[in-house]
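Below are the chains, spelled out letter by letter.
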Amino acid sequence: MTLARVVSSARAGRRRALACALAVVFPAAAALFLFAAFGAATVRNDSMSPTLRSGDTVLFDRWSPPARGDVVLLVDRERWSGTPDAVLVKRVIGIAGDVVVCCESGSGRLIVNGEAVEEAYAGEERPGGGIPFRVTVPDDAVWVMGDNRAESADSRLSVSKPGHGAVPRADLRGTARAWWGW
């Protein structure tokens, strides 16, 4: 065997070893990234009905900052659910600096930064809910409500407490990107 053949054979072996290593490492790295970036959860009540119902599955991303109107998963530090640190699914009504008011005279709609909010998902009858309030969302926080306003335990229950019902961004687990029911 010539030296050229030995070198060629060694190179081919290294290429095969590299290809095998990449075939294992790349999928493992991709799986780790997906696990770190996304999560799935099951909805446990009807506070987000009709958008989400108990038993629906929610796919959420852990990195995107929430915007007004997004559906988010959050840790229930205020015990709105009655269970310490339960994970709740709610809609973002206000973000840092927003002024959220309930409710517009006549229509019962929420007012955010002086503008009435159209919320078809919240129903026709008093879409802002029945609890009057005016809050300014603190920095690095969001203000949330369930779509099923009559059945949702949410930021409205804590308007008289420090923070006025705002949820710190650190308590958010993610922003829903897709959901489905069985």
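Residues numbered from 1 in each chain as written. Predicted model: local features only at pLDDT ≥ 70, side-chain atom pairs only at ≥ 80, totals over all residues. Heavy atoms only, no water.

Draft legend 1. Here's a closer look at the environment of Ser81. Tracing the chain through its elements places Ser81 in the loop between strand S3 (71–75) and strand S4 (87–95). Looking at Ser81, the relative accessible area reads 36%, which means it is partly exposed. Separated by 36 residues in the primary sequence, Ser81 and Asn45 place their C-alpha atoms 9.8 Å from one another. Ignoring sequence-local partners within four residues, the contact set of Ser81 consists of Asp76, Ala86 and Leu88. There is a polar contact of 3.2 Å between the side chain of Ser81 and the backbone nitrogen of Thr83. (Helix = DSSP H or I, 4+ residues; strand = E, 2+ residues; numbered from the N terminus. Buried < 20%, exposed > 50% of the residue type's maximum accessible area, 1.4 Å probe, protein only. Contact = heavy atoms within 4.5 Å. Polar contact = N/O pair within 3.5 Å; in protein donor to acceptor, adjacent residues only side chain to side chain.)

Draft legend 2. Region of interest: the pairing of S3. A large share of S3 lies buried, amounting to five of its five residues. Side-chain alternation along S3 places Val71, Leu73 and Val75 on one buried face and Val72 and Leu74 on a second face that is also buried. Here S3 runs beside S4; their pairing, made up of five bridges, is antiparallel. Bridge pairing in S4 places Val71 opposite Arg91. Sheet topology note: the S3/strand S11 (residues 172–180) ladder contains three bridges and is antiparallel. Bridge pairing links Val72 to Thr175 in S11. (Pairing = 2+ DSSP bridges.)

Draft legend 3. Up close: a nonpolar patch on the surface. Where nonpolar side chains cluster on the molecular surface, the patch consists of Phe38, Leu59, Trp180 and Trp182 and spans about 480 Å² of accessible area. Positionally, Phe38 belongs in strand S1 (residues 38–42). Looking at Phe38, the relative accessible area reads 32%, which means it is partly exposed. (Patch = residues over 30% accessible without salt bridge, like charges linked within 9 Å, V, L, I, M, F, W, Y side chains within 5 Å. Areas by Shrake-Rupley, 256 points an atom, 1.4 Å probe, with all protein chains shown as cover. Salt bridge = Lys/Arg side-chain N within 4 Å of Asp/Glu carboxyl O.)

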